[in-house]
Amino acid sequence: MTGPTIVSIVNHKGGCLKTTVTANLGAALARAGKRVLVLDLDAQQNLTQSLIGSVELLDGTPTLYDAFLDEASLDALITRTPQVNLDLVPCAEDFVGADLSLVCAVGREHVLRTCLARTRALESYDFVLADCPPSISLVVVNALAASQWFLVPCSAEFLPMVGLTLLGNSVRKLQKIAPDLRLLGVVLTRYAKHERVCRHVESLLRRELAGNLFESIIRVNTKAKSAPSVRRTIFEYEDDPAGRGTVDFTRLAEEFLARLDAASDFPKEELVAHG
Ligand SMILES: Nc1ncnc2c1ncn2[C@@H]1O[C@H](COP(=O)(O)OP(=O)(O)O)[C@@H](O)[C@H]1O
Ligand SMILES: [Mg+2]
């Protein structure tokens, strides 16, 4: 296969750790020697702030929003992060207008796909992870239409669990514009073993989703709340191989790679039929 594997990190619910998973799964893959590009597609710019700090809007300096408007290459936007092998396409404040601008664009669902196809550096990456905003907006549709896979972080609570059905229904409607898109899996996040609701949600989802639920879980972790404020991934922040987040995200990356590996052993039709 040529070019990177592109995965959208998506859930229309906010706070379920999309951004945290994008940054730290990206960092875990990078530490495993993979070349990773993460895209900040949320005008809240949390991924950008977590990895490099805010991007200033300067006259004449193109932004992700400009790239979307012009269906331009993302090459000029790619920025290194302190983590070796982990690069970022940052988001600036003007991206808040992206959805409205996309409404009138011809082929509006495929703008990001075109931008990526025009990005020369893309072929040097193994993975692209797209951090999506908490909505099912045109920006998210663009991310999904440009991806081969989507991964859904879901807080181990009742309401987010119910929301998964709605998300599944919405994604199914995108089949026409994203026929190759497949679910890589749902990842339970903010898991606290001592909370009954977490254990209950986990057992329900293990039964309902079976193989579509990652074995790996992201546990509740106070350190993960502070890491972005000093622009550190959880690996740098904990600086401890036995740290909770370090262990969780290392495991998640291992399972992520194993799932992709396993999928490449099956013809696509079979995966869709069982998806
Ligand atoms: N393991 C964790 N346990 C508890 N809170 C976390 C954990 N990881 C991150 N957080 C915090 O949860 C909040 C929401 O996470 P975030 O990744 O921004 O969610 P989303 O992108 O889905 O809106 C952030 O303030 C973040 O610092
Ligand atoms: Mg986010």
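Worth saying up front: this structure is predicted, and the values here are computed from it rather than measured.

Conventions and cut-offs
- Residues numbered from 1 in each chain as written.
- Chains lettered and ligands numbered in written order.
- Predicted model: local features only at pLDDT ≥ 70, side-chain atom pairs only at ≥ 80, totals over all residues.
- Heavy atoms only, no water.
- Helix = DSSP H or I, 4+ residues; strand = E, 2+ residues; numbered from the N terminus.
- Buried < 20%, exposed > 50% of the residue type's maximum accessible area, 1.4 Å probe, protein only.
- Contact = heavy atoms within 4.5 Å.
- Areas by Shrake-Rupley, 256 points an atom, 1.4 Å probe, with all protein chains shown as cover.
- Lys, Arg positive; Asp, Glu negative; His and termini not counted.
- Charge placed at Lys NZ, Arg CZ, Asp CG, Glu CD.
- Salt bridge = Lys/Arg side-chain N within 4 Å of Asp/Glu carboxyl O.
- Near = heavy atom within 4 Å.
- Polar contact = N/O pair within 3.5 Å; in protein donor to acceptor, adjacent residues only side chain to side chain.
- Pairing = 2+ DSSP bridges.
- Expected span 1.5 Å × (residues − 1).

Brief notes about the overall build of the protein chain
Thought 1: Summing up its helical and strand segments, the protein chain has 12 helices and eight strands in all.
Thought 2: When its C-alpha atoms are laid out on the principal axes, the protein chain stretches across 55 × 45 × 35 Å.
Thought 3: The 275 residues of the protein chain split such that 49% are buried.
Thought 4: In the protein chain, the proportion of contacts linking residues at least 24 apart, taken out of those at least 6 apart, comes to 80%.
Thought 5: Summed over all atoms, the accessible surface of the protein chain reaches about 13400 Å², with 52% contributed by carbon and sulfur.
Thought 6: Considering the protein chain, the positive charge centre built from 29 side chains and the negative charge centre built from 33 side chains are found 7 Å apart.

A word on the pattern of salt bridges
Thought 1: For the coordinates displayed, the defined rule picks out five salt bridges.
Thought 2: The partner of Glu109 in a salt bridge is Arg108, and the shortest N-O contact between them spans 3.9 Å.
Thought 3: With a closest N to O distance of 3.1 Å, Glu255 and Arg259 form a salt bridge. Taken together, the residues span about one helical turn, with Glu255 and Arg259 both in helix 11 (residues 244–264) at a distance of four residues.
Thought 4: Assessed through its relative accessible area of 18%, Arg259 is described here as buried.

Points about the site of ligand 1
Thought 1: As a matter of local geometry, ligand 1 sits amid 13 residues, with Gly15, Thr19, Thr20, Arg190 and Asn221 nearest to it.
Thought 2: Within the contact set of ligand 1, an oxygen atom lies 2.9 Å away from a backbone nitrogen or oxygen of Lys18.
Thought 3: With respect to ligand 1, the backbone of Arg219 contributes an N or O atom lying 2.9 Å from a nitrogen atom.
Thought 4: Alone, ligand 1 offers 550 Å² of accessible surface; in the complex the protein occludes 82% of this.
Thought 5: If you list the elements that add at least two residues to the shell around ligand 1, you get helix 1 (18–31) and helix 9 (222–226).

Structural notes on the side chain of Asp40
Thought 1: With respect to the helices, strands and loops of the structure, Asp40 is situated in strand 2 (residues 36–40).
Thought 2: One buried charged residue, Asp40, remains without a salt bridge, the closest side chain of opposite sign being Lys18 at 11 Å.
Thought 3: Ignoring sequence-local partners within four residues, the contact set of Asp40 consists of Gln45, Asn46, Leu47, Thr48, Leu64, Leu88, Val89, Pro90, Cys91 and Asp131.

As for the sheet that holds strand 7 (residues 182–191)
Working definition: the strands of a sheet are paired by backbone hydrogen bonds and lie parallel or antiparallel to each other.
Thought 1: Strand order in this open sheet of eight strands is 3-4-2-5-1-6-7-8, and the pairing throughout is mixed. A single partner strand is all that each edge strand has here, and the edge strands are strand 3 (79–80) and strand 8 (213–219).
Thought 2: The sheet contact formed by strand 6 (residues 149–155) and strand 7 spans seven bridges and is parallel. By the bridge assignment, Ser155 is partnered in strand 7 with Thr189.

Here's the deal with helix 1
Thought 1: Taking 1.5 Å of rise per residue, the 14 residues of helix 1 would be expected to cover 20 Å, and the 20 Å separating its terminal C-alpha atoms lies within 8% of that figure.
Thought 2: Within helix 1, 12 of the 14 residues are buried, which leaves it mostly tucked inside the rest of the structure.
Thought 3: Turning to helix 1, its buried residues are Lys18, Thr19, Val21, Thr22, Ala23, Asn24, Leu25, Gly26, Ala27, Ala28, Leu29 and Ala30.
Thought 4: Backbone geometry just after helix 1 places Gly33 at a positive phi near 95 degrees.

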